[in-house]
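Summary of structural features
If you want the building blocks of each chain, they are given just below.
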Amino acid sequence: MRVRQRLAISLMLGLASLPMATMARDKAAPSPATTRAQALVGFQRDLVSVLAPRADAMPLLGAALLARPLQKQPSSTSFHALITRAARADSASPAAQWARLTDCDAAARTCPNADALAALTAEAGDNAAVWLLKLGQDSANERRDDAREDLRRAAGAKLYDDYTGTALQALATTVGTLPPPPAALDPGSPAGAWGVQVVMVFGVSGLLPAPQPGMQATARLCEDGKDDPATRQSCLQLAHLLEWGSSPLARSLGLHLRETLSDDPEAQAAARTEMANLAWEVRNFAALSAHAAGDKALAQHLLALARNGGTEMSLMLAALRDEGIPLDAPGTSETATIAPAASTVTP
């Protein structure tokens with residue numbers, strides 16, 4: 001599970017996900033929790049409306065991400081309209097095209113968005129995440145030669161970035177555009193408006209449908225081709241890149257490939273140690289982020305880290321270090337190498 005998916009458990013302290021039937025039943029005498037949930041959703045809609053007229057890519061990306069989970073949005077402030085404008089803005093980065101990948105209809109089998117994928121292969125061809133996304137698509141369509149070429153391109157890329165850090169930055173720099181209404185504040189939390197902001201930033205990002213690079217397809221392709229020298233070499237090259245990638249999921253696959261394809265017992269053992277450390281880091285960051293909803297200083301710090309940009313993994317490690325939480329799991333070797341900009345989850 002991705003870090004931001006774990007963080008989604010804190011979204012609006014679980015309030016915004018109350019079933020609509022429950023809200024309707026409580027309409028006559030809404031509970032404080034229901035009232036706050038409705039206020040939070042209203043606040044989210046207001047943020048989208050205020051940000052929508054902007055022309056710069058970053059606030060438009062933030063508005064699009066905030067609009068994505070909302071139901072019955074006007075067409076001008078829908079996810080489709082906003083992410084299309086964000087991707088076309090003069091200041092746009094590949095992060096907008098990455099988010100645009102989910103502007104599609106899964107039931108109609110149009111995912112990922114073909115135009116966005118074509119734009120990414122042209123604009124971000126040095127990013128392994130793009131080729132692994134294509135690898136997953138080609139594998140699903142049984143285009144085996146294309147999938148092997150995708151693997152080769154991914155292994156030769158300069159970096160792995162799924163742009164989660166940029167998405168968090170876009171959210172963190174936009175949620176403060178308006179003060180939350182009093183009804184949206186948790187009266188029992190000393191974090192006040194900062195608590196609302198941190199929950200919205202990390203919670204909204206966790207609930208968004210995310211493009212899924214073909215991690216499982218890549219693992220199968222590498223394991224099935226481990227006796228082929230060219231495939232094995234590509235997979236080990238990719239493994240090193242993924243260990244220094246932007247996300248826990250990428251780092252996890254990199255460590256998995258190192259453990260299963262390396263002939264060196266010490267390298268295999270180190271990969272297992274680093275996997276245990278990664279799982280420890282993910283769990284602690286999830287707990288830290290959930291705690292931030294009720295801790296003003298911690299909420300402010302996490303929001304500041306998100307606004308500074310970077311990757312999902314660099315944000316996570318910085319937050320843990322700043323709170324004095326060790327990066328090594330209890331009982332693991334203190335000499336295990338932790339890639340500072342990478343992260344992992346078992347594939």
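Scroll up to find the structure.
Bear in mind that the values here come from a model prediction, so they are computed numbers and not experimental data.

Procedures and definitions
- Residues numbered from 1 in each chain as written.
- Predicted model: local features only at pLDDT ≥ 70, side-chain atom pairs only at ≥ 80, totals over all residues.
- Heavy atoms only, no water.
- Helix = DSSP H or I, 4+ residues; strand = E, 2+ residues; numbered from the N terminus.
- Buried < 20%, exposed > 50% of the residue type's maximum accessible area, 1.4 Å probe, protein only.
- Contact = heavy atoms within 4.5 Å.
- Areas by Shrake-Rupley, 256 points an atom, 1.4 Å probe, with all protein chains shown as cover.
- Phe/Tyr/Trp six-rings, centres within 6.5 Å; stacked < 30°, edge-to-face > 60°.
- Expected span 1.5 Å × (residues − 1).
- Disulfide = S-S within 2.5 Å.
- Core = buried A, V, L, I, M, F, W, Y, C linked by side-chain atoms within 4.5 Å.
- Arc of directions from axis to C-beta.
- Salt bridge = Lys/Arg side-chain N within 4 Å of Asp/Glu carboxyl O.
- Axes fitted to C-alpha atoms, helices over the stretch in contact; angles between N-to-C directions.
- Parallel < 35°, antiparallel > 145°, perpendicular 65-115°, else oblique.
- Nonpolar A, V, L, I, M, F, W, Y, C, P; charged D, E, K, R; others polar.

1. Observations regarding the overall build of the protein chain
Each helix and strand in the protein chain was counted, giving 17 helices and zero strands. The burial tally for the protein chain puts 54% of its 347 residues in the buried class. In the protein chain, of all internal contacts separated by at least 6 residues, the share reaching a separation of at least 24 is 71%. Split by element, the accessible area of the protein chain, about 15200 Å² in all, is 53% carbon and sulfur.

2. Regarding the packing of aromatic side chains
Enumeration over the complete set of coordinates arrives at two aromatic pairs. Their ring planes at 80° and their centres at 6.3 Å tell us that Phe-202 and Phe-285 sit as a pair that is edge-to-face. Of this pair, Phe-202 sits in helix 11 (residues 192-207) while Phe-285 sits in helix 15 (residues 265-292), and the two are 83 residues apart along the sequence. Across the pair, exposure class does not vary: Phe-202 and Phe-285 are buried alike.

3. Side note on helix 14 (residues 248-261)
Helix length check: helix 14, at 14 residues, gives a terminal C-alpha distance of 20 Å against a target of 20 Å (1.5 Å per residue), a fit within 8%. Taking burial as the measure, the 14 residues of helix 14 include twelve buried ones, the bulk of the element. Along helix 14, the residues that are buried comprise Pro-248, Leu-249, Ala-250, Arg-251, Ser-252, Leu-253, Gly-254, Leu-255, His-256, Leu-257, Arg-258 and Leu-261.

4. A word on the state of the cysteines
Scanning the entire structure with this criterion turns up two disulfides. With its sulfur 2.0 Å from that of its partner, Cys-104 forms a disulfide with Cys-111. In this structure the cystine formed by Cys-104 and Cys-111 twists about its S-S bond by roughly 100°; its chirality is therefore right-handed. Paired by a disulfide, Cys-222 and Cys-235 hold their sulfur atoms 2.0 Å apart. Residues Cys-222 and Cys-235 are joined through a disulfide that is left-handed, its torsion about the S-S bond being -90°. Within this pair, whereas Cys-222 is found in helix 12 (residues 215-224), its partner Cys-235 is found in helix 13 (residues 229-243), the two being separated by 13 residues in sequence. For Cys-222, a relative accessible area of 0% puts it in the buried group.

5. Observations concerning the nonpolar core
Leu-238, Phe-285 and Leu-302 are the most contacted members of the largest nonpolar core, which totals 93 residues. The residues contacting Leu-302, other than those within four sequence positions of it, are Val-198, Phe-202, Phe-285, Ser-289, Ala-292 and Ala-319.

6. Quick look at helix 9 (residues 144-155)
The end-to-end C-alpha distance of helix 9 is 17 Å, a good match for the 16 Å that twelve residues give at a rise of 1.5 Å each. Turning to helix 9, its buried residues number three or more, namely Ala-147, Asp-150, Leu-151, Ala-154 and Ala-155. Taken end-on, helix 9 shows its buried residues confined to a sector of 130°, consistent with a single buried face. The inward-facing, buried residues of helix 9 contact helix 8 (128-140), helix 12 and helix 13.

7. Comments concerning the pattern of salt bridges
What the rule picks out here adds up to eleven salt bridges. With a shortest N-O distance of 2.7 Å, Asp-138 and Arg-143 are connected by a salt bridge. On the accessibility criterion, Asp-138 (2% relative accessible area) is buried. Look at Arg-143 and you get partly exposed, because its relative accessible area is 34%. The partner of Arg-152 in a salt bridge is Glu-149, with the nearest N and O atoms 2.6 Å apart. Linking Arg-152 with Glu-149, this pair stays in helix 9, spanning three residues, or about one helical turn. Exposure remark for Arg-152: the relative accessible area of 46% places this residue in the partly exposed category.

8. Description of the environment of Pro-181
Tracing the backbone shows Pro-181 in the loop between helix 10 (164-172) and helix 11. In the structure, Pro-181 is positioned 145 residues away from Arg-36 in sequence and 9.7 Å away in space, judged by C-alpha atoms. Beyond its immediate stretch of four places on either side in the chain, Pro-181 contacts Ala-39 and Phe-43.

9. Observations concerning the packing of helix 15 against helix 17 (residues 312-322)
Packed helix pairs are specified by the crossing angle of their axes together with the interaxial distance, meaning the distance between the axes. Packing of helix 15 against helix 17 leaves a shortest axis separation of 10 Å and a crossing angle of 75°. Here helix 17 runs roughly perpendicular to helix 15, going by the angle between their axes. Residues Leu-278, Glu-281, Val-282, Asn-284, Phe-285 and Leu-288 of helix 15 form the contact with helix 17, whose participating residues are Met-313, Leu-315, Met-316, Leu-317, Ala-319 and Leu-320. Of the residues belonging to the contact of helix 15 with helix 17, the class tally is ten nonpolar, one polar and one charged.

10. Details of the environment of Ala-95
Its place among the elements puts Ala-95 in helix 6 (residues 94-100). On the basis of relative accessibility, which here comes to 4%, the residue Ala-95 falls in the buried class.

All quantities given are derived from atomic positions and should not be read as evidence of function.
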